Amino acid sequence: MEKREELYRGKAKTVYLTDDSDKLVLYFRNDTSAFDGEKIEQLDRKGEVNNKFNHFIMTKLEEAGIATQLESLISDTESVVKKLDMIPVECVVRNVAAGSLVRRLGVEEGKLLDPPLFEFFLKNDALHDPMVNDYHIESFGWATKAQVARMKELTFAVNDVLKALFDQGGMILVDYKLEFGVDSDGNIILGDEFTPDGCRLWDKATRNKMDKDRFRQGLGSVVETYIEVADRLGLKL
Ligand code: TMP
């Protein structure tokens, strides 16, 4: 398989076409972005760490029966993925209150959310990813009612697998964001990435932040902490 021209450049990853029309290459850059691209820095080894971390997590999800876009690692910073028609919404599940939920509703950070919350956000940096609901998604034709239901079902299925996985490593999966796409057979498939850039992880004992909040809040040791997260899950980086 050969890498061809750039298809799309996101804030942290670049997507390339390949000589196989069903496959793409995801290149994880060192760029680290927060606040819809307002803060961007290059962090040494971040691309490699996220590429390998994503491969590890997606493999765990596949083993649990959740179909993902990921095919294989092809270099330290690149993976081959199946081409999907991406749905332009972000699916967020929250087990514990943090981030925009705390700002929006004035609830206390750290409040346990039982049952977990589900929120959709529109992927649109210029509009700061506004929250939308099922009706917006159907009405504007971003996805069908059945696809909306499937995205929710799969996002919660991921919660069951990953809450347990991080718990075994002494961490709390506070919240996370997933993106889905549609494959050539019309199936909803988990796409994009799962890395500490797109979730919140707290140390169970100290509640120390072990995710991109370290970058957002200028806490330092961002990549070193991602490597520790991986280490606790049994992945040596
Ligand atoms: P929030 O608290 O900022 O709404 O974020 C909820 C979770 O989703 C958090 O783990 C970060 C993740 N997220 C992204 O990865 N990208 C985004 O653009 C947004 C809005 C959230």
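Let me begin by describing the structure that accompanies this report.

Rules used throughout
- Residues numbered from 1 in each chain as written.
- Predicted model: local features only at pLDDT ≥ 70, side-chain atom pairs only at ≥ 80, totals over all residues.
- Heavy atoms only, no water.
- Helix = DSSP H or I, 4+ residues; strand = E, 2+ residues; numbered from the N terminus.
- Rg over C-alpha atoms; globule rule 2.2 N^0.38 Å.
- Buried < 20%, exposed > 50% of the residue type's maximum accessible area, 1.4 Å probe, protein only.
- Contact = heavy atoms within 4.5 Å.
- Areas by Shrake-Rupley, 256 points an atom, 1.4 Å probe, with all protein chains shown as cover.
- Polar contact = N/O pair within 3.5 Å; in protein donor to acceptor, adjacent residues only side chain to side chain.
- Phe/Tyr/Trp six-rings, centres within 6.5 Å; stacked < 30°, edge-to-face > 60°.
- Lys NZ or Arg CZ within 6 Å of the ring centre and 35° of its normal.
- Salt bridge = Lys/Arg side-chain N within 4 Å of Asp/Glu carboxyl O.
- Near = heavy atom within 4 Å.
- Nonpolar A, V, L, I, M, F, W, Y, C, P; charged D, E, K, R; others polar.
- Core = buried A, V, L, I, M, F, W, Y, C linked by side-chain atoms within 4.5 Å.
- 1 Å grid on protein atoms, 1.4 Å probe; cavity = no way out; pocket = protein on both sides within 12 Å on 5 of 7 lines; lining within 4 Å.
- Points joined across faces, edges and corners; volume = space filled by probe spheres on them.
- Pairing = 2+ DSSP bridges.
- Axes fitted to C-alpha atoms, helices over the stretch in contact; angles between N-to-C directions.

Examining the overall build of the protein
Stage number 1. Counting secondary structure elements, the protein contains six helices and 14 strands.
Stage number 2. Here the C-alpha atoms of the protein give a radius of gyration of 17 Å, agreeing with the 18 Å that 2.2 N^0.38 yields for 237 residues.
Stage number 3. Taken over the C-alpha atoms alone, the protein extends approximately 50 × 40 × 35 Å along its principal axes.
Stage number 4. The buried share of the protein, taken over its 237 residues, is 49%.
Stage number 5. For the protein, the share of sequence-separated contacts (at least 6 apart) that also reach a separation of at least 24 residues comes to 54%.
Stage number 6. Per element, the accessible surface of the protein, about 11400 Å² overall, is 48% carbon and sulfur.

Looking at the side chain of Gln147
Stage number 1. The residue Gln147 is located in helix 4 (residues 145-168) in this model.
Stage number 2. Side-chain polar atoms of Gln147 contact the backbone nitrogen of Thr144, separated by 2.9 Å.

Remarks on the packing of aromatic side chains
Stage number 1. Overall, the coordinates contain five aromatic pairs when judged by the stated rule.
Stage number 2. Centroid distance Phe118 to Phe156: 5.9 Å. Interplanar angle 45°. Geometry classified as tilted. Remark: Phe156 occurs in helix 4 and Phe118 occurs in strand 10 (residues 112-122); sequence separation between them is 38 residues.
Stage number 3. One aromatic cluster in this structure is built from Phe118, Phe120 and Phe156.
Stage number 4. The positively charged end of Lys3 is found above the aromatic ring belonging to Tyr27, 5.8 Å away from the centroid.
Stage number 5. In this structure, Lys39 packs its charged tip against the face of Phe215, placed 4.6 Å from the ring centre.

A look at the pattern of salt bridges
Stage number 1. On inspection of all chains with the given rule, the structure shows 30 salt bridges.
Stage number 2. For Asp76, the salt bridge goes to Lys52, with nearest N and O atoms at 3.2 Å. Separated by 24 residues along the polypeptide, Asp76 in the loop between strand 6 (70-73) and strand 7 (78-82) and Lys52 in helix 1 (residues 46-63) bring together distant segments of the chain.
Stage number 3. Between Asp213 and Arg216 there is a salt bridge, and its shortest N-O distance comes to 2.8 Å. Of the two residues, Asp213 and Arg216 both sit in helix 5 (residues 213-216), three residues apart, roughly one turn of that helix.
Stage number 4. One salt-bridge network, in which partners are shared between bridges, spans Lys13, Glu90, Lys123, Lys177, Glu179, Asp192 and Glu193.

A short note on the site of the ligand
Stage number 1. For the ligand, the set of nearby residues contains 16 residues, the closest of which are Arg94, Ser100, Asp129, Asp175 and Arg200.
Stage number 2. A distance of 2.8 Å is found between an oxygen atom of the ligand and a side-chain nitrogen or oxygen belonging to Arg94.
Stage number 3. Here the ligand has 450 Å² of accessible area as a free molecule, and 84% of this is covered by the chains.
Stage number 4. Split by residue class, the shell around the ligand holds five nonpolar, three polar and eight charged.

Here we look at the nonpolar core
Stage number 1. Counting 45 residues, the largest nonpolar core has Ile57, Phe120, Met151, Leu162, Phe166, Phe194 and Leu233 as the members making the most contacts within it.
Stage number 2. In this structure Leu162 touches Ile57, Leu61, Leu173 and Phe194, once residues within four positions along its chain are discounted.
Stage number 3. If you look at the next biggest cluster of nonpolar residues, it comprises seven residues, including Ala34, Leu43, Val49 and Phe215.

Details of the layout of surface pockets
Stage number 1. Here the second largest pocket defines a volume of roughly 170 Å³.
Stage number 2. Lining the second largest pocket are Asn95, Val96, Leu112, Leu113, Asp114, Pro116, Lys163, Asp167, Met171, Ile172, Leu173 and Arg207.
Stage number 3. Counting residues per element, the ones that place at least two in the lining of the second largest pocket are strand 9 (89-96), strand 10, helix 4 and strand 12 (171-182).
Stage number 4. Ranked by residue count, the leading element in the lining of the second largest pocket is strand 10, at four residues.
Stage number 5. Of the residues belonging to the lining of the second largest pocket, the class tally is seven nonpolar, one polar and four charged.

A closer look at the sheet that holds strand 1 (residues 3-9)
Stage number 1. With respect to topology, five strands assemble into an open sheet ordered 1-2-3-7-6, the strand pairing being antiparallel. The outermost strands of the open sheet, each flanked by one partner alone, are strand 1 and strand 6. Averaged over all neighbouring strand pairs, the angle between strand axes comes to 30°, with direction disregarded.
Stage number 2. As paired strands, strand 6 and strand 7 are joined by three bridges and run antiparallel to one another.

Shape descriptors only; they carry no functional weight alone.
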